[in-house]
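The chain contents come next:
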Amino acid sequence: KWINDCNYVVVKHEDGTFAEYLHLKKDGVLVHLGDRVTPDQPIALSGNSGYSTEPHLHVSVFSVVDGYMRKSLPLTFALRGGVTFQPQEGRVY
């Protein structure tokens, strides 16, 4: 039920994996169901929706195992200057 209380976007990638972005700003989703998106395209604005006390973003990448269960996948961010960053489970950034 909690996911219905926050603004979110789920993007399906060409390889069948998904990315999910939660706690988006009210009226901050910039894409529509069925839109094709490109890398570097803004899709939403981070916010403070749902069970949240301050603006932040939850992001996950996953594959669907059996139509219901998810398998989380590693996530790597590309930063300026060609630097990459991979968040670690259990850490807060």
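For the structure itself, consult the block above.
Overview of the structure. Because the structure is predicted, anything quoted here is derived from the model rather than measured. (Residues numbered from 1 in each chain as written. Predicted model: local features only at pLDDT ≥ 70, side-chain atom pairs only at ≥ 80, totals over all residues. Heavy atoms only, no water.)

1. Here we look at the overall build of the protein
Secondary structure assignment for the protein yields zero helices and seven strands. Shown N-terminal to C-terminal, the secondary structure of the protein runs as helices and strands in the order β-β-β-β-β-β-β. Within the protein, contacts between residues separated by at least 24 positions form 32% of all contacts whose residues are at least 6 apart in sequence. By element, 54% of the accessible surface of the protein is carried by carbon and sulfur atoms, the whole surface being about 7600 Å². Considering the protein, the positive charge centre built from 9 side chains and the negative charge centre built from 10 side chains are found 2 Å apart. (Helix = DSSP H or I, 4+ residues; strand = E, 2+ residues; numbered from the N terminus. Contact = heavy atoms within 4.5 Å. Areas by Shrake-Rupley, 256 points an atom, 1.4 Å probe, with all protein chains shown as cover. Lys, Arg positive; Asp, Glu negative; His and termini not counted. Charge placed at Lys NZ, Arg CZ, Asp CG, Glu CD.)

2. Considering the pairing of strand S2 (residues 18–29)
As paired strands, strand S1 (residues 7–12) and S2 are joined by six bridges and run antiparallel to one another. If you follow valine 9 over to S2, its bridge partner there is tyrosine 21. Taking the residues that link successive antiparallel strands as the turn, the S1-S2 hairpin has five residues, and the phi of glycine 16 there is positive, at about 90°. Pairing analysis gives five bridges linking S2 to strand S4 (residues 58–64), with the strands arranged antiparallel. Looking at S4, one finds that alanine 19 is bridged to valine 61. Sheet analysis places S2 next to strand S3 (residues 44–46), joined by two bridges and oriented antiparallel. (Pairing = 2+ DSSP bridges.)

3. Observations concerning the side chain of serine 49
Position of serine 49 among the secondary structure elements: in the loop between S3 and S4. Here the side chain of serine 49 touches asparagine 7 through a polar contact of 2.9 Å, landing on its backbone nitrogen. Here leucine 24 takes part through its backbone oxygen, which lies 2.8 Å from a polar atom of the side chain of serine 49. (Polar contact = N/O pair within 3.5 Å; in protein donor to acceptor, adjacent residues only side chain to side chain.)

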